[in-house]
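Notes for the structure review
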Amino acid sequence: MAQPPEELDERLWVEIESYPGRSLLAGNAHTHTGRMLAWNESVGVMAKFSKRDVVRASERAEAWIAGFLAGSEPSVLDVADAADTSLETGADREPTDADFDRWRMVVHRYAQTGTLPTIHNSPLPPLPDASLPGPQPWLESACRILVWQQGRWTVEQQFALVGGFAADSVCRQRQHHHLELVSPDYLVCTDCGFVSQIEPRGSA
Ligand SMILES: [Zn+2]
């Protein structure tokens, strides 16, 4: 059994899904943005968790988590880059009102769920049209849907997502995609067209 870290605060307790009893907040998990650590005494392990895994928390722990998430929000420049409508140049430009609106959506969703919405950096690499499996490829970046059509990424088509799945897709019903590697940059779902970008090594 691992040793508990020193200096944990008994007042900063959370109950985490699939862990028994209370766990004490222990800091940043340093994996995905928004992931935290808590020491679970019953099992004697350090649990990694997100806000959405928290079943109950002390008032003090709730405030700690809110502060933790606020401290790791993306900047409006990150979002402006992802939302650059040219999606080709990268965005060395001043954020617009629309960028701020989108940034507020991203930050709101992050504060609600504790999971940072995916933000793809522009420019996104092109998809290889010849090896696409069929349905129109799409992905979500900074709370907006980008669709691959006529050889470029566009934002002209928006549709409803539920838990990250297209609302009317078979993938939503069975809660997973059927991904196929189409290039060194991308996996594409053969059933709904969802695109998963393979991040370069070293990025989060
Ligand atoms: Zn799918």
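Residues numbered from 1 in each chain as written. Predicted model: local features only at pLDDT ≥ 70, side-chain atom pairs only at ≥ 80, totals over all residues.

**Considerations on the domain arrangement of the protein**
Segmenting the protein into domains produces domain 1 (13-70), domain 2 (76-113) and domain 3 (129-197). Between the C-alpha centres of domain 1 and domain 3 there is a distance of 32 Å. (Domains from an automatic or database assignment.)

**Regarding the nonpolar core**
Ranked by internal contacts, the top residues of the largest apolar core, which has 24 residues, are Val14, Leu24, Leu25, Ala38, Ala61, Val79 and Val106. Where this core is concerned, the elements lending two or more residues are β1 (13-16), β2 (23-28), β3 (36-40), α1 (59-70), α2 (76-82) and α3 (97-113). When residues are assigned to domains, this core turns out to be shared by domain 1 (13-70) and domain 2 (76-113), each giving three or more. Setting aside anything within four residues of it in sequence, one finds alanine 38 in contact with Val14, Ile16, Ser23, Leu24, Leu25, Ala26, Ala47 and Phe49. If you look at the next biggest cluster of nonpolar residues, it comprises 14 residues, including Trp148, Ala166, Cys189 and Val195. (Core = buried A, V, L, I, M, F, W, Y, C linked by C-beta atoms within 7 Å. Buried ≥ 20, exposed ≤ 12 C-beta atoms within 10 Å, placed from the backbone. Helix = DSSP H or I, 4+ residues; strand = E, 2+ residues; numbered from the N terminus. Contact = placed C-beta atoms within 7 Å.)

**Things to note about unusual backbone geometry**
The backbone phi angle of histidine 30 is positive, close to 55°, even though this residue is not glycine. Within the secondary structure, histidine 30 sits in the loop between β2 and β3. Residue class for histidine 30 comes out exposed when judged on the 11 C-beta atoms lying within 10 Å of it. The phi dihedral of glutamine 175 falls on the positive side, at around 65°, and the residue is not glycine. Here glutamine 175 is to be found in the loop between α4 (170-174) and β11 (179-181).

**Concerning the confidence of the model for the protein**
Mean pLDDT over the protein works out to 88, with 91% of the residues at or above the 70 mark. Mean pLDDT in the protein bottoms out at α2, which sits at 81, and peaks at β1, which reaches 97. (pLDDT = per-residue confidence, 0-100.)

**Some points on the sheet that holds strand β7 (residues 144-149)**
The antiparallel open sheet is built from 3 strands, whose spatial order is β6-β7-β8. Of all strands in the sheet, those with a lone pairing partner are β6 (138-141) and β8 (152-154), marking the two edges. Averaged over all neighbouring strand pairs, the angle between strand axes comes to 30°, with direction disregarded. Relative to β8, β7 is paired through 3 bridges, and the arrangement is antiparallel. Residue tryptophan 148 lies in a different strand from β8, and its bridge partner there is tryptophan 153. (Pairing = 2+ DSSP bridges. Axes fitted to C-alpha atoms, helices over the stretch in contact; angles between N-to-C directions.)

**A look at α1**
Over its 12 residues, α1 runs 17 Å from end to end, which matches the ideal 16 Å to within 8%, given 1.5 Å per residue. Listed in full, the buried residues belonging to α1 are Ala61, Ile65 and Leu69. Each buried residue of α1 sits inside an arc of 70° when the element is viewed along its axis, so together they form one side. Set apart from the buried face of α1 by more than 90 degrees, the exposed residues are Glu59, Ala63, Gly67 and Ala70. (Expected span 1.5 Å × (residues − 1). Arc of directions from axis to C-beta.)

**A look at α3**
Helix length check: α3 (17 residues) gives 24 Å between terminal C-alpha atoms against 24 Å at 1.5 Å per residue, within 8%. Residues of α3 that are buried include every one of Asp99, Arg102, Trp103, Val106, Val107 and Tyr110, and no others. Taken around the axis of α3, the buried residues stretch over an arc of 135°, which confines them to a single face. Exposed side of α3, more than 90 degrees from the buried face: Asp97, Ala98, Asp101, His108 and Gln112 are the residues found there. Close packing links the buried residues of α3 with α1, α2 and β7. Phi turns positive, to about 75°, at glycine 114, one or two residues after α3.

**Examining the environment of methionine 36**
Its location among the elements puts methionine 36 in strand β3. C-beta crowding within 10 Å serves as the criterion here: with 26 such atoms nearby, methionine 36 is assigned to the buried category. With 11 residues separating them in the primary sequence, methionine 36 and leucine 25 have C-alpha atoms 7.8 Å apart. Leave out the neighbours within four places in its chain, and methionine 36 touches Leu25, Asn28, Ala29, Phe49 and Phe68.

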